[in-house]
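What follows is each chain in one-letter form.
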There are 2 protein chains.
Amino acid sequence: MEKRNAIIIILDGLGDLPVPEFGGLTPLQAAKNPNLDRVAAAGACGLVLVAGGKAVESDLAHLILLGYDPVKDYPGRGPLEALGIGLELQPGDIAFRGNFARVDENGVILDRRGGRKIPEAKELASSLDGIAVEGHPGVTFRAMHSSEQRLACALRGPGLSSNVSMPNNVRTGVRASECVPLDGTPEAKKTATIVNAVVRKAHAILESHPANKERASSNQPPINALLLYGPGEARTVTSMKDLFHVDAACVAGNGLIKGVCKYVGMVVLPCDGATGTASTDLDAKVEAVARHYKDFDVTLLHVKATDSFGHDKCCEKKKAFIEAVDAAIGKLLGKIDLAKTFLFVTGDHATPCVVGNHTGDPVPIAMAGPTVIRDHVTEFDEANCAGGYLGRVEGKYLMAIVLNKLDKLRKFGA
Amino acid sequence: MEKRNAIIIILDGLGDLPVPEFGGLTPLQAAKNPNLDRVAAAGACGLVLVAGGKAVESDLAHLILLGYDPVKDYPGRGPLEALGIGLELQPGDIAFRGNFARVDENGVILDRRGGRKIPEAKELASSLDGIAVEGHPGVTFRAMHSSEQRLACALRGPGLSSNVSMPNNVRTGVRASECVPLDGTPEAKKTATIVNAVVRKAHAILESHPANKERASSNQPPINALLLYGPGEARTVTSMKDLFHVDAACVAGNGLIKGVCKYVGMVVLPCDGATGTASTDLDAKVEAVARHYKDFDVTLLHVKATDSFGHDKCCEKKKAFIEAVDAAIGKLLGKIDLAKTFLFVTGDHATPCVVGNHTGDPVPIAMAGPTVIRDHVTEFDEANCAGGYLGRVEGKYLMAIVLNKLDKLRKFGA
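This one's a predicted model, so the numbers in the text were calculated from it and none came from an experiment.

Scanning chain A from N- to C-terminus turns up 14 helices and 15 strands. For 414 residues, the compact-globule estimate of 2.2 N^0.38 gives 22 Å, and chain A sits close to it at 22 Å. Dimensions of chain A along its principal axes, counting C-alpha atoms only, are 65 × 55 × 35 Å. Looking at chain A as a whole, 57% of its 414 residues qualify as buried. Taking the intrachain contacts of chain A between residues at least 6 apart in sequence as the baseline, contacts between residues at least 24 apart amount to 73%. Accessible area for chain A stands at about 16400 Å²; split by element, carbon and sulfur atoms hold 51% of it. Within chain A, one finds 47 positive and 48 negative side-chain charges whose respective centroids are separated by 2 Å.

Structure follows, in structure tokens:
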């Protein structure tokens, strides 16, 4: 068979539920998306139960869709964020995701994201990078700014463990929880002690940081706390190349998703305009895909803001962003040949605007390409895709469908 | 998210197959059920493969639909029937389901249900309750009438086991099978010996019972045998509250289903007219649901006679009963607000009239409520529901769908 390429477009949190303002339609149903409809009409549709009907985080969802085991193969959010933004890790390093936050004099959280937009975030992160871990020789701490209020941090040194409790502090009005060892090993106790000391020291450094003095002079509240969560030990996993015999690449702006892609051995393609936010340069992203997809068996294009608008319950903005993505996909369709290329469009989970969080509802999928059976679905949305050729398919089977189309699936029993 | 409630209506043995008298339609297709169609049209439909395509008993089917493991969590029919009708059990008790039956002088079964309608059943059961278990000090036997020919029985005492063979004697013209130990333990041997002694003693008591003398005087055959089956050791299981963080209740007339519901920690709501038969008071049952469902996250309404008519191959009666249930659901729809409440309607298995027993065929499901995607299905039956949003869904995923709608599903990876 002639060599084919596949492009997989994932709209984060695409799935949704009836919105009263839209007369009971979902944002995707309410949106004008002629290009997504074109893909649906050209090929086959269905609904993806990404985690078998469970609500799921985006990093796990992507691991599942890429054919990995979300329990066995998941290293934790910290190592994935670090990988994604280029904080170099060695096996045994313990990495965390971090948030810059604002706390009062008793450590009570006032804003767990420090207002989200923090111009000084990079500078503040630098001031925490390499701070001394007193009393624990050989242990170093690193910090690197990711996006908005987010950082990746890591501990390196002897006798550390990731088996410590570090929940994401999502509530305001309470003190941030301390790091607690989850087993009786000296490693877990040592790590918890170090994490708590680092967090205290970070608080002191941030309190007296010149950037916060400048913020005070312009009546802005201080960014005075570091919240750490998602601990995990740096590790590797069998690459997509070794597992599925495919060369794979991605275009993404979000650090965590870039981390997942690097983790499974995908090439993260350069794309300056990709920010992982609503202001991302969608044209630049599809241009990056169009320029490189023929060099890879599988190219993943990730778009984040659909999810963010779902979290923020902004159904109009979610609808408008879907329309913007649709326009960009229209440009991509002008650059690829569906007689030779497979195109998959789906989401990684539902983030319904009426809920404001991830749910277990399925997400629509459309696929088109040279050997795709054409079904009767001509509109790409939650209700119409339900009647398509693919039916309801669990997320863990997506890669099998892709590999099958690429003729990369080993024959069972052969 | 605002607190929501879910109502799940289960029509026992609802699923069916084409009936020649109906020109190849199923009883549900042939029935006029405008209210079930209304639910279908308002929301999403599908087909439930309750046990993944296998034929399944009603108690197991309900356990599966309620999110339990039918192998690991199943205690046996005896303990469930006992729980359902209020025969109090302690851990370690061995419970059985029983039938009053009629045998000839050689113990050959003439009618395994003693004609089903036995006015003297309660009196006969009392005469067996507490009969002495000779030669086994400390072991007691209890019997309590359930419905029609059915009883729940239990042994209590030291050194008993439920690992004994006690099949349901469904054939007439043969002797009832003896109870046989299924392993070499003294406990299994002792239990088998006691069961066989109790059954012989019950035969003697029933033969000489005044009620049978009265039956003889009016030319009715005697009820002279006790058939025991479904042995199981009384045990507990994690409640729905602990497992899923939901408060759950049920309205049911059938003892076994009430037993399943109590077993998983549901509140059995009072409903005098619920009999578990075709003469059940459907209006009283929906009234009980309407009165209480707001106090619970999940309220289950069980209706039995659809199954009984399937067993008896009475397709006209099954159709008519479906229409009666539909009318009752119409009254329920007048009392609940689908903008705030989730309504699920389905069956626990198929009992096709042309077969007269449970089969593995899927059963239709419709769900409606505030965040349900509306699909194109407008008629609630086996063929139309197949094209709906839910597609084919395994029974074990029903509770995940319900919990997802109620926002009770924990996020995977969080």
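A word on the pattern of salt bridges. Residue and element names in this part refer to chain A. In the structure shown here, the tally under the stated rule is 40 salt bridges over all chains. Here D73 ties to K72 by a salt bridge, and the two come within 3.5 Å at their closest N and O atoms. A relative accessible area of 10% means that D73 is categorised as buried. With a closest N to O distance of 2.6 Å, E81 and R97 form a salt bridge. Of the two residues, E81 sits in helix α4 (residues 77-85) while R97 sits in strand β3 (residues 94-103), which places them 16 residues apart along the sequence. Where salt bridges share partners, they join E88, D93, R142 and R156 into one cluster.

With the rule as written, the count across this model stands at zero disulfides over all chains. Here C250 of chain A is not cross-linked by a disulfide; its sulfur's nearest cysteine counterpart is in C261 of chain A, at 3.5 Å. Left unpaired, C45 of chain B is separated from the closest cysteine sulfur, that of C385 of chain B, by 4.0 Å.

This paragraph deals with the sheet that holds strand β13 (residues 341-347) of chain A. All names here are of chain A. Read from one edge to the other, the open sheet built from eight strands follows the order β11-β10-β12-β1-β13-β14-β2-β15, with strand pairing classed as mixed. Each edge of the open sheet carries a strand with a single partner, namely β11 (267-268) and β15 (391-394). As judged from the four bridges shared by strand β2 (residues 44-49) and β15, these two strands associate in the parallel manner. Residue pairing across strands places G46 opposite G391, the latter belonging to β15. Packed onto the sheet, helix α14 (residues 398-405) meets β1 (5-11), β12 (298-303), β13, β14 (363-368) and β15 and runs at close to 170° relative to β13.

Below, the discussion takes up the interface of chain A and chain B. Across the boundary between the two partners, chain A contributes 30 residues, which contact 21 residues of chain B. Buried area between chain A and chain B, summed over both chains or domains, comes out near 2000 Å², and the portion from carbon and sulfur atoms is 58%. One can count one salt bridge joining chain A with chain B. Across the salt bridge formed by K405 of chain B and D361 of chain A, the nearest N and O atoms sit 3.1 Å from each other. For the pair chain A and chain B, the number of links is six residue pairs in polar contact (both at pLDDT 80 or more). Top element by residues in the side of chain A that touches chain B is helix α13 (residues 382-385) of chain A. It accounts for three residues. When grouped by side-chain class, the residues that make up the side of chain A that touches chain B number 15 nonpolar, eight polar and seven charged.

Let us look at the relation of the copies chain A and chain B. When chain A is fitted to chain B, the best match, at an RMSD of 0.2 Å, comes from turning it 123° and sliding it 0.2 Å along the axis. What the superposition gives is, in effect, a three-fold axis relating one chain to the other.

Owing to its 3.6 residues per turn, the α-helix aligns residues three or four sequence positions apart on the same side. All names here are of chain A. Looking at helix α10 (residues 282-292), one finds that the buried residues are L282, K285, V286, A288, V289, A290 and H292. Of the surrounding elements, those touching the buried residues of α10 are β1, β10 (248-251), β12 and α12 (315-333). One side-chain oxygen of the residue at the start of α10 lies 3.3 Å from the amide nitrogen of D283, identifying that residue as D281.

Take the domain arrangement of chain A next. All names here are of chain A. One can read the domain layout of chain A as domain 1 (5-73 + 237-405) and domain 2 (80-233). In this structure, domain 1 and domain 2 have C-alpha centres spaced 32 Å apart. The partner domain 2 presents nine residues to the ten residues of domain 1 that form the contact. Carbon and sulfur atoms make up 63% of the surface buried where domain 1 meets domain 2, a total of about 740 Å² over both sides. Together, G255, L256 and K262 form the three largest contributors to the area buried by domain 1 at its contact with domain 2, with a combined 49%. Along the contact surface separating domain 1 from domain 2 lie zero salt bridges. One can count two residue pairs in polar contact (both at pLDDT 80 or more) joining domain 1 with domain 2. The element contributing the most residues to the side of domain 1 that touches domain 2 is helix α9 (residues 255-263), with seven residues. Residue composition of the side of domain 1 that touches domain 2, grouped by class: three nonpolar, three polar and four charged.

Cut-offs applied
- Residues numbered from 1 in each chain as written.
- Chains lettered and ligands numbered in written order.
- Predicted model: local features only at pLDDT ≥ 70, side-chain atom pairs only at ≥ 80, totals over all residues.
- Heavy atoms only, no water.
- Helix = DSSP H or I, 4+ residues; strand = E, 2+ residues; numbered from the N terminus.
- Rg over C-alpha atoms; globule rule 2.2 N^0.38 Å.
- Buried < 20%, exposed > 50% of the residue type's maximum accessible area, 1.4 Å probe, protein only.
- Contact = heavy atoms within 4.5 Å.
- Areas by Shrake-Rupley, 256 points an atom, 1.4 Å probe, with all protein chains shown as cover.
- Lys, Arg positive; Asp, Glu negative; His and termini not counted.
- Charge placed at Lys NZ, Arg CZ, Asp CG, Glu CD.
- Salt bridge = Lys/Arg side-chain N within 4 Å of Asp/Glu carboxyl O.
- Disulfide = S-S within 2.5 Å.
- Pairing = 2+ DSSP bridges.
- Axes fitted to C-alpha atoms, helices over the stretch in contact; angles between N-to-C directions.
- Buried area = accessible area lost by both parts, 1.4 Å probe.
- Polar contact = N/O pair within 3.5 Å; in protein donor to acceptor, adjacent residues only side chain to side chain.
- Nonpolar A, V, L, I, M, F, W, Y, C, P; charged D, E, K, R; others polar.
- Least-squares fit on C-alpha atoms with pLDDT ≥ 70 in both.
- Domains from an automatic or database assignment.

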